[in-house]
Amino acid sequence: MSKRNEHTPNQTCLKQRGTMLSSIKLPIVIRAEINLVLVVLTALGVFSRLYGIHFPKAVVFDEVYYGQFVSLYMKRVFFIDESGPPLGHMILAFGAYIGGFDGNFIWNRIGAEYSSNVPVWSLRLIPALAGSLSVPLCYILVVELGYSHLTALGATLLFLMENSLIVQSRFMLLESVLIFFLLLAETMVLFVSYVFGFHSFNVGFTLISKLCSCPRVKYMGLFTYLLLLGLAAVHMWQLIGDRALSNVLTRFLALVVLPLLLYLGFFYVHLTLLYRSGPHDQMMSSAFQASLEGGLARITQGQPLEMAYGSQVTLRSVSSKPIPCWLHSHKANYPIRHDVAAPMSPHAQEVSGYIDFNVSMPAQNLWKVDIANRETEQEVWKTILSEVRLVHVKTSAVLKLSGSALPEWGFRQLEVVGDKIYKGYQPTGVWNVEEHRYGRSQEQKERELELHSPTHIDINRNLTFMAKFLELQWRMLTVKQETSEHKYSSSPLDWITMDTNIAYWLHHTGNAQIHLMGNLVTWSLGNLALMGYLLLFLSYLLRRRRKIEDIPEDTWRQLLLAGVVCAGGWAVNYLPFFMMEKTLFLYHYLPALTFQILLIPVVLEHVHTHVLCTSHRRALHGAVLAGLSSVYLTFWKFSPLTYGHPELSAEQLDSLRWKDSWDVLFRRH
């Protein structure tokens, strides 16, 4: 017998146990560090912004403006708002959706009581959450800038107790959402990645956040986006010589392509949701209107596509400025005889329609149809799709809108003229057919009957998304905003020292009221911090020019980074308003104020650490404590105007009028 290698029973048992033990995976251990200070600050932010947001159950200031768009979203009705991309309105509409709002409410008056079908708490929830989450973002941002947790705590407390930011967060308004995205973008460490070269994902996410911050104040978030994009471009230029080209291309995709796709995505959702005809249809082209359900699409359904001799049509001007108009005439004569010059535009020729009063003018009646958007010579004149010029055969003058309105004798209608010096493509001289009827009968009565009966040819005129997007974007950027004086409108110079306020809501019988009014102590400290930073920056810059380095290189770079984020954030969110021709309000300053608040503790820490001696630091400690106490007392004193309760007496309200320019309302009983 040959020997076999056999294991003893004990050895076999041990081997099986070892195999079983090796197949058992160790439990996954997750260790998390919780910053209790940050948790408490977040809770305070949630409480201060969400507490009692259902009060008042009435329309508060600009809720009358945003509510109209929310109702249109709920009814899937198309609209245009030139203030920015549709993301902001979609965010507010989402709050209405989760609350079950059906869109049935007339938004025509500030202070109007909400009906029972309006979910007030839900409508105001998302702006309040955005304002709440901005509180911890302030803390994280200051820490990411390289400053201490104590400095971050100070910045967050100042932001937490800013009355104007609380008010703006508690209603169906968009400034809190804008500020949230701005802080989120800065928190994603774009500038830190610029200095230290972090992964491009952070850069891309930062710029996406920045792009999301554009929905308000005429694309105001775009200025900060362009600032970040410029800094990133400088960094990418440096990378071209240091790293592989693929890394640069990856960053380009993250910085430019991805935000652009996201921007297009907002409009895609917007246009997909709003497929019904609405009050803003006439601002769009006939083709755009025909793509919407109802409205022009209902009128033009089944029309013949191609024009023919004998077609009966309505002609609409391609230009929507100053208002949409259709070519027509009135049964009225010009009150006086002049030459061929147009009455309001003497450089152009007069155009008039007439019925033959035994006057024969065949040479003056001939017009040539010139298809302006024809792609081939064989293309024919089509309903809605073709844009045509009407050229007078004898004089070569082009029929166009002059832009002027006729006087009373012309019923204030827009003037139509013949322009002999017409050159290039001008929307005022281009027309398209909207309604088209065609009769084949030779008999006049039968022909008239046929012209008024529905036609049987159906035409599919659905536009592509890109065609609709480009037209909508152009309308949003070129529509003229009405600049009108408002009781609470103000100039950017009034904002810095808070020489103005806005009464958001006033109880119809009592003195309970809500005002957009900032914490005057915080605003004053912010101005001092901004001036202090500029003095520090210029002083260090000049001394470094003379080869005198008062602070280490890392501290200098940290100060520069804080300046770009905080002072730069203030500048790009404030200075552009001086170039805007529109009605401005105090709430436009709130994004800039946010960055100014963050600058206060940043300057204090730098002064404490690198400027003051030990004995002076103790005095600074006392000043900081006194400043925070003053901020809290001011916040508490003005809280009745922030939350709308408790109701104050006329004497108490009068005592809150710290500036003569403030408009505090009260009734004397």
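Residues numbered from 1 in each chain as written. Predicted model: local features only at pLDDT ≥ 70, side-chain atom pairs only at ≥ 80, totals over all residues. Heavy atoms only, no water.

For the record, the criterion: UniProt positions are given in the numbering used here, feature names are shortened, and annotations may be inferred rather than shown by experiment.
The protein chain appears in an unreviewed UniProt entry as dolichyl-phosphate-mannose--protein mannosyltransferase from Esox lucius. UniProt, in the comment section headed Subcellular location (unreviewed entry), describes the protein chain in these words: "Endoplasmic reticulum membrane".

Brief notes about the overall build of the protein chain
Note the cut-off: Secondary structure counts use DSSP, requiring at least four H or I residues in a row for a helix and at least two E residues in a row for a strand, with both numbered from the N terminus. We call two residues in contact whenever any of their non-hydrogen atoms come within 4.5 Å of each other. Accessibility throughout is a Shrake-Rupley quantity obtained with a 1.4 Å probe, and a residue counts as covered only by protein chains that appear here.
Looking only at helices and strands, one finds 22 helices and nine strands in the protein chain. The contacts in the protein chain between residues at least 6 apart in sequence include a share of 74% that link residues at least 24 apart. Total accessible area on the protein chain is roughly 35,400 Å²; 61% of this is exposed by carbon and sulfur atoms.

Things to note about the pattern of salt bridges
Here is the rule: By salt bridge we mean one thing: a side-chain nitrogen of Lys or Arg within 4 Å of a carboxyl oxygen of Asp or Glu. Exposure categories follow from relative accessible area, calculated using a 1.4 Å probe and restricted to protein chains: below 20% of the type maximum is buried, above 50% is exposed, and the middle band is partly exposed.
This structure, assessed with the given rule, holds 11 salt bridges. Residue E63 pairs with R124 through a salt bridge whose shortest N-O separation is 2.9 Å. Of the two residues, E63 is situated in helix α3 (residues 63-74) and R124 in helix α5 (residues 120-144); the sequence distance between them amounts to 61 residues. Across this residue pair, the class does not change: E63 and R124 are buried. Measuring nitrogen to oxygen at the nearest pair gives 2.8 Å for the salt bridge that ties D499 to K659. Residue D499 is found in the loop between α17 (492-496) and β8 (502-506), and its partner K659 is found in the segment after α22 (650-655); the two are separated by 160 residues along the sequence. With a relative accessible area of 29%, D499 lands in the partly exposed category.

Overview of the packing of helix α2 (residues 36-50) against α5
We apply this condition: Working convention: axes come from line fits to C-alpha atoms, limited for helices to the stretch in contact. Angles between N-to-C directions cover 0 to 180 degrees. Roughly parallel means an angle under 35 degrees; roughly antiparallel means over 145; roughly perpendicular covers 65 to 115; every other angle is labelled oblique. A crossing counts as left-handed when the near helix is turned anticlockwise from the far one by less than a right angle, and as right-handed when that turn is clockwise. Charged residues are taken to be Asp, Glu, Lys and Arg, nonpolar residues to be Ala, Val, Leu, Ile, Met, Phe, Trp, Tyr, Cys and Pro, and polar residues to be all remaining types, Gly included.
Between α2 and α5, whose axes approach to 8 Å, the crossing angle comes to 155°. As far as their axial angle goes, α5 and α2 are roughly antiparallel. Of the two possible hands of crossing, α2 and α5 adopt the one that is right-handed. Mapping the contact onto sequence places V37, L38, L41, T42, G45, V46, R49 and L50 in α2 and L125, A128, L129, G131, S132, V135, P136, Y139 and I140 in α5. Classifying every residue of the contact of α2 with α5 by side-chain character gives 12 nonpolar, four polar and one charged.

Brief notes about the nonpolar core
Let me state the cut-off plainly: Residues belong to one nonpolar core when they are buried, are Ala, Val, Leu, Ile, Met, Phe, Trp, Tyr or Cys, and are joined through side-chain atoms within 4.5 Å.
Residues F78, W107, I502, Y504 and L598 are the most contacted members of the largest nonpolar core, which totals 130 residues. With residues up to four places along the chain from it excluded, the contact list for I502 reads F61, Y488, I514, H515, L516, F585, L586 and Y587. Core analysis: the next-biggest nonpolar cluster, separate from the first, contains 10 residues, M307, L399, L401 and V433 among them.

Details of unusual backbone geometry
Cis geometry marks the peptide bond from F55 to P56; its omega dihedral reads -5°. Within the secondary structure layout, P56 lies in the loop between α2 and α3. Note that the residue after H645, namely P646, is joined by a cis bond; omega there is 0°. Among the secondary structure elements, P646 is positioned in the loop between α21 (614-643) and α22. In the Ramachandran plot, F61 falls in the positive-phi region, its phi being about 40° despite a non-glycine side chain. Assignment of secondary structure puts F61 in the loop between α2 and α3. A positive phi angle is found at R412, which is not glycine, with a value near 60°. Tracing the backbone shows R412 in the loop between β5 (398-405) and β6 (414-419). With a relative accessible area of 52%, R412 lands in the exposed category.

What about the packing of aromatic side chains?
This is how the line gets drawn: Side-chain rings of Phe, Tyr and Trp (the six-membered ring for Trp) are treated as a pair once their centres are within 6.5 Å; stacked means planes under 30 degrees apart, edge-to-face means over 60, and tilted covers the remaining angles. Definition used: whenever NZ (Lys) or CZ (Arg) falls within 6 Å of the ring centre and also within 35 degrees of the ring normal, the charge is taken to sit over that ring.
Taken as a whole and judged by the stated rule, the model has 34 aromatic pairs. Measuring from ring centre to ring centre gives 5.3 Å for Y73 and F79, while their planes differ by 85°; the resulting arrangement is edge-to-face. A relative accessible area of 2% places F79 in the buried class. Between W570 and Y574 the ring centres are 5.1 Å apart and the planes differ by 35°, which places this aromatic pair in the tilted class. Neither W570 nor Y574 differs from the other in exposure class; each is buried. Put simply, the rings of W495, W523, W570, Y574, F577, F578 and Y589 touch in pairs and so form one group of aromatic residues. The lysine or arginine in question, K468, covers the ring of F288, its NZ or CZ lying 5.2 Å from the ring centre.

Focus: a nonpolar patch on the surface
How we decide: A patch consists of residues whose relative accessible area exceeds 30% and which take part in no salt bridge; residues with like charges are grouped when within 9 Å of each other, and nonpolar side chains (Val, Leu, Ile, Met, Phe, Trp, Tyr) when within 5 Å.
A surface patch of nonpolar side chains, about 460 Å² in accessible area, is lined by L493, L575, F578 and M579. With respect to the element layout, L575 can be found in the loop between α19 (553-572) and α20 (590-610).

Concerning the environment of A332
By the secondary structure assignment, A332 is in the loop between β1 (312-317) and β2 (349-350). When the C-alpha positions of A332 and F411 are compared, they lie 9.8 Å apart, and in sequence the two are 79 residues distant.

As for the side chain of S286
Quick reminder of the rule: Definition of a polar contact: a pair of N or O atoms within 3.5 Å, with one able to donate and the other able to accept a hydrogen when the atoms are protein atoms, and with sequence-neighbouring residues admitted only if both atoms are side-chain atoms.
Relative to the assigned elements, S286 resides in helix α13 (residues 286-290). Taking relative accessible area as the criterion, S286 reaches 1% and is therefore assigned buried. Among the polar contacts made by the side chain of S286, one reaches the side chain of N432 at a distance of 2.8 Å. The contacts of S286, once residues within four sequence positions are left out, are L296, R316, I384, N432 and E434.

Details of α3
Definition in use: Given a helix with a known number of residues, its expected span is that number minus one, times 1.5 Å.
With 12 residues, α3 should cover 16 Å at 1.5 Å per step; its first-to-last C-alpha distance of 16 Å lies within 8% of that length. In terms of burial, α3 is a largely internal element, 10 of the 12 residues being buried. All of the buried residues in α3 are E63, V64, Y66, G67, F69, V70, S71, L72, Y73 and M74. R76 lies just past α3 and shows a positive phi near 60°.

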